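Listed here are the chains, written in short residue letters.
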Amino acid sequence: MTEIKILKIGGSVLTDKARLESARMKEIERIAAEVAEIGSGLILVHGAGSFGHIHAEEYGLGERFDPEGVLETHRSVVRLNEMVVESLRIAGSSPVPVHPLSSAVLREGRIETMEMEPIVEMVKRGLIPVLHGDVAMDRARGAGIVSGDQLVSHLARALRPEIVALGTAVDGVIFEGRVLAQVRRDDLVRIGSELGASSGVDVTGGMRGKIAELLDLADEGVRSLIFNASKPGMVWRALAGERVGTLVEGGL
Ligand code: IPE
């Protein structure tokens, strides 16, 4: 099978997080064009931004089970997913939507099971599965939120991709005003207090949550990049194998 690359694009790149359901169409189209140049072997995961996060918070998902909250949060992020899928199609890729609500089950907010076989078969046939942060059933809590970052680390553990790249709206992990070339678990003590939450409403942990997720993945031998997907050309460069932004590595 061809080598797999996993790309996540954060909701703050694709949407204006402060305004309910406002997609940045120009950004979505630009990124779709960069992805199309890479060709097959790719799995795309995108965040929710102002699709999903605002609903999830409104209904208190994760804290209490709310049937309407499940539906409305899912529908919202699916609306963004449709825009991403359509932009990829227009750019010349062969995307297919994959919804975590229908394929994953959580326990205490963590993925317990997830259907991987459809994704593997899609990639084998040159399709680009397009997953997204979503609401999902949780065996302990009723329903919860599965972030795009958690999906990336779950996929990466199972599929051992050659590249794992997480595009955000910042240049990488920033400490004392500078972008760190790499981050290991030891560094977290030093930089931890400086890591902010992300701007706008975020129910899944911002940069701190992202690094925690990626350090766990790195401990299992899969390195990942956090880079700026708001800068033109960076998505392509990350997928082409360039070391852009911050590399999250395992301990020595
Ligand atoms: C959150 O997904 C999913 C929902 C709130 C439904 P992410 O955590 O991956 O979204 P971003 O990238 O922070 O916007």
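Scroll up to find the structure this text is about.
Worth saying up front: this structure is predicted, and the values here are computed from it rather than measured.

**Digging into the environment of Ala 238**
Secondary-structure assignment places Ala 238 in helix H10 (residues 234–239). Taking the C-alpha atoms as reference points, Ala 238 and Asn 228, separated by 10 residues in sequence, lie 9.6 Å from one another. If we skip the residues at most four places from it in the chain, Ala 238 touches Ile 163, Ala 165, Leu 225, Phe 227 and Val 244.

**Re empty space enclosed by the protein**
Rolled over the atoms, a probe sized like a water molecule indicates the empty space that remains. Going through the model one piece at a time under the given rule, you end up with 1 cavity of 30 Å³ or more. Reported here for the largest cavity is a volume of approximately 80 Å³. Ile 9, Leu 14, Ile 28, Ile 31, Ala 32, Val 35, Leu 44, His 46, Val 84, Ser 87 and Leu 88 are the residues that line the largest cavity. Mapped by element, the contributors of at least two residues to the lining of the largest cavity are helix H2 (25–38), strand S2 (42–46) and helix H4 (67–90). A per-class count over the lining of the largest cavity returns 9 nonpolar, 2 polar and no charged.

**Observations regarding the sheet that holds strand S7 (residues 134–138)**
Pairing is mixed across the open sheet formed by 4 strands, whose spatial order is S5-S4-S7-S8. One side of each edge strand has no neighbouring strand; the edge strands of this open sheet are strand S5 (110–114) and strand S8 (142–146). Put simply, the sheet's adjacent strands are angled 45° from each other on average, direction ignored. When S7 meets S8, the two strands line up antiparallel, connected through 5 bridges. In the sheet register, Val 135 faces S8, and the bridge partner there is Ile 145. Where helix H7 (residues 148–159) meets the sheet, it contacts S5 and S8, and its direction lies at approximately 50° from that of S5.

**Overview of the nonpolar core**
The biggest cluster of nonpolar side chains holds 37 residues, and the ones touching the most others in it are Ile 43, Met 114, Leu 131, Leu 155, Val 173 and Ile 211. Elements with a minimum of two residues in this core: S2, strand S4 (104–107), S5, helix H6 (117–124), H7, strand S9 (163–168) and helix H9 (206–219). The residues contacting Val 173, other than those within four sequence positions of it, are Arg 178, Val 179, Leu 180, Val 183, Ile 191, Leu 195, Met 207, Ile 211, Ile 226 and Thr 246. Counting 29 residues, the second largest nonpolar core, distinct from the first, contains Ile 28, Leu 80, Val 84 and Ile 163.

**Description of H6**
Restricting attention to buried positions, one finds in H6 the residues Ile 119, Met 122 and Val 123. The arc that holds the buried residues of H6, viewed along the axis, is 95°, so those residues lie on one side. Turning to H6, the residues buried within the fold contact S2, strand S3 (95–97), S5, strand S6 (128–132) and H7. Directly after H6, the chain includes Gly 126, whose backbone phi takes a positive value near 80°.

**What about the environment of His 154?**
Within the secondary structure, His 154 is located in helix H7. Spatially, the C-alpha atoms of His 154 and Asn 228 are 22 Å apart, while their sequence positions differ by 74 residues. With residues near it in sequence (within four places) discarded, His 154 still touches Ile 111, Met 114 and Met 116.

**A few points about the sheet that holds strand S14 (residues 246–248)**
The strand order across the open sheet formed by 8 strands is S3-S6-S2-S1-S9-S13-S14-S12, and the pairing between neighbours is mixed. Only two strands of the sheet have a single neighbouring strand rather than two, namely S3 and strand S12 (182–183). Pairing analysis gives 3 bridges linking S2 to S6, with the strands arranged parallel. Directly across from Val 45, in S6, lies its bridge partner Leu 131.

**Notes on the pattern of salt bridges**
Under the counting rule described, the total for this entry stands at 21 salt bridges. The salt bridge partner of Asp 149 is Lys 8, with a shortest N-O separation of 3.0 Å. Here the residue Asp 149 occupies a position in helix H7, and Lys 8 occupies one in strand S1 (residues 5–9), the gap between them amounting to 141 residues. Among the residues examined, Asp 149 registers a relative accessible area of 8% and is labelled buried. The network of salt bridges with common partners includes Lys 8, Asp 149 and Lys 210.

**Let's talk about the packing of H2 against H4**
Running from N to C, H2 and H4 point in directions that differ by 45°, and their axes come no closer than 8 Å. Taken as axis vectors, H2 and H4 run oblique relative to one another. Like other packed secondary-structure pairs, H2 and H4 cross with a definite hand, here right-handed. The residues of H4 that touch H2, namely those facing Met 25, Ile 28, Glu 29, Ala 32 and Val 35, are Leu 80, Met 83, Val 84, Ser 87 and Leu 88. Grouping the constituent residues of the contact of H2 with H4 by class yields 8 nonpolar, 1 polar and 1 charged.

Conventions adopted
Residues numbered from 1 in each chain as written. Predicted model: local features only at pLDDT ≥ 70, side-chain atom pairs only at ≥ 80, totals over all residues. Heavy atoms only, no water. Helix = DSSP H or I, 4+ residues; strand = E, 2+ residues; numbered from the N terminus. Contact = heavy atoms within 4.5 Å. 1 Å grid on protein atoms, 1.4 Å probe; cavity = no way out; pocket = protein on both sides within 12 Å on 5 of 7 lines; lining within 4 Å. Points joined across faces, edges and corners; volume = space filled by probe spheres on them. Nonpolar A, V, L, I, M, F, W, Y, C, P; charged D, E, K, R; others polar. Pairing = 2+ DSSP bridges. Axes fitted to C-alpha atoms, helices over the stretch in contact; angles between N-to-C directions. Core = buried A, V, L, I, M, F, W, Y, C linked by side-chain atoms within 4.5 Å. Buried < 20%, exposed > 50% of the residue type's maximum accessible area, 1.4 Å probe, protein only. Arc of directions from axis to C-beta. Salt bridge = Lys/Arg side-chain N within 4 Å of Asp/Glu carboxyl O. Parallel < 35°, antiparallel > 145°, perpendicular 65-115°, else oblique. Left-handed = near helix turned anticlockwise from the far one by under 90°.

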